Protein chains: 2
Amino acid sequence: MQVLDQVASFKRPVRFSELLANSPFPKPTLYRFVQTLTNQGMLAFDAERQTYSMGLRLVRLAHAAWRHSSLASVARPFIEALAEKIGESIHLAQIDNGHVLFVDKYRATDKFDTLAQAGKIAPGYCTGVGKVILAFMPECAQKRALDEQSFVAYTPNTHRDRTTLATELSIIRKARVAYDREEHELGIISIACPILTGQEQVVGAVSIATSTNRYGIDDLKKHWPDLCDTANSIGAQAELWQVPTWG
Amino acid sequence: MQVLDQVASFKRPVRFSELLANSPFPKPTLYRFVQTLTNQGMLAFDAERQTYSMGLRLVRLAHAAWRHSSLASVARPFIEALAEKIGESIHLAQIDNGHVLFVDKYRATDKFDTLAQAGKIAPGYCTGVGKVILAFMPECAQKRALDEQSFVAYTPNTHRDRTTLATELSIIRKARVAYDREEHELGIISIACPILTGQEQVVGAVSIATSTNRYGIDDLKKHWPDLCDTANSIGAQAELWQVPTWG
DNA sequence: ATTATTAGTTTCATATAATGAAACTCAGTT
DNA sequence: AACTGAGTTTCATTATATGAAACTAATAAT
């Protein structure tokens, strides 16, 4: 599994020796791993260039995961509708061990990002979607998630420790909305709502993101009712389709 | 790995017992498998419903596979251009052990299918893309691929044995183009071109598909030059990006 | 209420397979 | 001709997977 992550992290076909240099395994062990994974179709080996890449089987599994186990497919029509109405970028995210995984994006200009562009990972503590998901997670899960964070200060506005973040999270929980005030990237702000099931269990979040050149936080606030509606609709659908929580 | 395929084949969250019924493994073995996969994030377990689904890690890996190791991302602009010009559905496929894997589709009406819709699998011997890829595969690989086929007669036009198929494949190889004459689905025909590297190694295929209600094979033939250009452009890009062959 | 039935989980002696140091092969160098 | 270094194989050692059976907890039938 670690090996798969390794290969994925190189964003190109990779040589055995490169993997070896970046892995804790001794040579023959790693060798047998990649061989097995290749036989299983999880990796693909290019005999000519002697490089490994992600295998076809993974693409197949990907299809299933994306289609049946991510919010993306059930949420898409709602996100699309919202984007059309607002004309700004919409992000859809789920949580994965304290990291936010963007499972879909709709950019105001380019229409939907496909999986090629979605699938990105961002830290949970400095994005609108991340904070709102954290705020609504069960106490213990939230604690676990935060324990794994290293609180990198991406911008001057980024939370730099747990205490200030904890305060904001409790405010977010009450307000049922989170804002990203240029905490992850300067010039980018967003408003985010949680996607909840009937039992108030958080399964993800939707956000409207925009550039500070165009709008301020106050302008985003105006879209709150629409964003909220969208989040609720997605929540209802997610429950219907039993989309997993990935807490 | 088999277990992952299993879970994927159910198109919904699945219970342990359902997996058990469809797996060759004894209960405790399978139990430990799903437990391990869940811990690794390859599967997700919904404690409330006691169901398993594809995990988040898989979605992440999926992203990498799709983006860096499938033809889809490099081919997309060319396919888009072709679709705009022709106004018909375009399919992009790669081969996987004799099965054709659709890695992208552009439907004339709905714009791009995302991974949610792509990722489907079809047999190689009765689709335009499948036949043209088989025709250009190295002899030994082709043999291996055909050995695994069971030659189901989807329609009256489907090849029912290897001999008639072999004849057609050699014709296709010479003509550098394949036609699907309602061999997989009645009412659907297509014209397909191979995507080749500089060394004439096949990496995939593009096809234009249409309904017999609208057009005949002869109409598709008119688009051959455009299709060919598209395939060549994708081939050049694939080589540049070292997209794996998945032979 | 009591007993069957079934789904999910744990145990443990046994068998099996993974491990990695070292040795080997075969390019492409120096 | 000897050297490097990437990739591959060997094999005795060690750890790990295996699955029959037993157990538990929940639901259904009597």
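Further up the page is the structure itself.
Read on for a plain summary of the structure. Nothing here was measured: the structure is a model prediction, and the numbers come from that model. (Residues numbered from 1 in each chain as written. Chains lettered and ligands numbered in written order. Predicted model: local features only at pLDDT ≥ 70, side-chain atom pairs only at ≥ 80, totals over all residues. Heavy atoms only, no water.)

### Some thoughts on the overall build of chain A
Broken down by element type, chain A carries 10 helices and 10 strands. Here chain A has a C-alpha radius of gyration of 20 Å; the compact-globule value for 247 residues is 18 Å, and the two agree. With the C-alpha coordinates aligned to their principal axes, the bounding extent of chain A is approximately 60 × 40 × 35 Å. Per-residue burial over chain A gives 55% buried out of 247 residues. Of all intrachain contacts in chain A linking residues separated by at least 6 positions in sequence, the fraction that spans at least 24 positions is 55%. Total accessible area on chain A stands at roughly 11,000 Å², and carbon and sulfur atoms take up 52% of it. (Helix = DSSP H or I, 4+ residues; strand = E, 2+ residues; numbered from the N terminus. Rg over C-alpha atoms; globule rule 2.2 N^0.38 Å. Buried < 20%, exposed > 50% of the residue type's maximum accessible area, 1.4 Å probe, protein only. Contact = heavy atoms within 4.5 Å. Areas by Shrake-Rupley, 256 points an atom, 1.4 Å probe, with all protein chains shown as cover.)

### So, the sheet that holds strand β1 (residues 14-15) of chain A
Residue and element names in this part refer to chain A. The strand order across the open sheet built from 3 strands is β1-β3-β2, with neighbouring strands paired in antiparallel fashion. Of all the strands in the sheet, the pair left with one neighbour each is β1 and β2 (43-46). With 4 bridges connecting them, β2 and strand β3 (residues 51-54) associate as antiparallel partners. By the bridge assignment, Asp-46 is partnered in β3 with Thr-51. Along the sheet face, helix α1 (residues 2-9) touches β1, β2 and β3 and points at about 100 degrees away from the line of β3. (Pairing = 2+ DSSP bridges. Axes fitted to C-alpha atoms, helices over the stretch in contact; angles between N-to-C directions.)

### As for the packing of aromatic side chains
Two descriptors summarise a pair of aromatic rings, namely the distance from one centre to the other and the angle between the planes of the rings. A complete count under the given rule lists 8 aromatic pairs over all chains for this structure. Measuring from ring centre to ring centre gives 5.2 Å for Phe25(B) and Phe33(B), while their planes differ by 90 degrees; the resulting arrangement is edge-to-face. The exposure class assigned to Phe33(B) is partly exposed, which follows from its relative accessible area of 37%. Sitting over the ring of Phe102(A), Lys105(A) keeps its end group 5.3 Å from the ring centre. (Phe/Tyr/Trp six-rings, centres within 6.5 Å; stacked < 30°, edge-to-face > 60°. Lys NZ or Arg CZ within 6 Å of the ring centre and 35° of its normal.)

### Describing the relation of the copies chain A and chain B
If you rotate chain A by 180 degrees and push it 0.0 Å along the axis, it lands on chain B with an RMSD of 0.1 Å. Here the symmetry operator amounts to a two-fold rotation axis. Closest approach to the rotation axis within chain A is made by the C-alpha atom of Ala62(A), at a distance of 2.3 Å. Mapped onto chain B, 100% of the interface residues of chain A again fall at the interface, so both copies present the same surface. (Least-squares fit on C-alpha atoms with pLDDT ≥ 70 in both.)

### Brief notes about the side chain of His159(B)
Residue and element names in this part refer to chain B. Relative to the elements of secondary structure, His-159 occurs in the loop between α7 (139-147) and α8 (162-175). In this structure the side chain of His-159 is engaged in a polar contact, spanning 2.4 Å, whose partner is the side chain of Glu-168. Setting aside its immediate chain neighbours within four residues, His-159 contacts Tyr-125, Lys-131, Phe-151, Thr-164, Leu-165, Glu-168 and Glu-183. (Polar contact = N/O pair within 3.5 Å; in protein donor to acceptor, adjacent residues only side chain to side chain.)

### Regarding the protein's contact with DNA strand D
Neighbouring DNA strand D are Arg15(A), Phe16(A), Ser17(A), Lys27(A), Pro28(A), Tyr31(A), Gln50(A), Pro26(B), Pro28(B), Thr29(B), Arg32(B) and Phe33(B). Sugar and phosphate atoms constitute 56% of the interface atoms of DNA strand D, taking the interface as everything within 4 Å of the protein. At a separation of 2.9 Å, a phosphate oxygen of DNA strand D approaches a polar backbone atom of Ser17(A). Between a base nitrogen of DNA strand D and a side-chain N or O atom of Lys27(A), the distance comes to 3.0 Å. Elements with a contribution of two residues or more to the surface near DNA strand D: α2 (16-21) and α3 (27-39) of chain A together with α3 (27-39) of chain B. Of the residues forming the surface near DNA strand D, the biggest block, 4 residues, is contributed by α3(B). Along the lines of polarity and charge, the residues of the surface near DNA strand D split into 6 nonpolar, 3 polar and 3 charged. (Near = heavy atom within 4 Å. Nonpolar A, V, L, I, M, F, W, Y, C, P; charged D, E, K, R; others polar.)

Coordinates in, geometry out; function isn't part of it.
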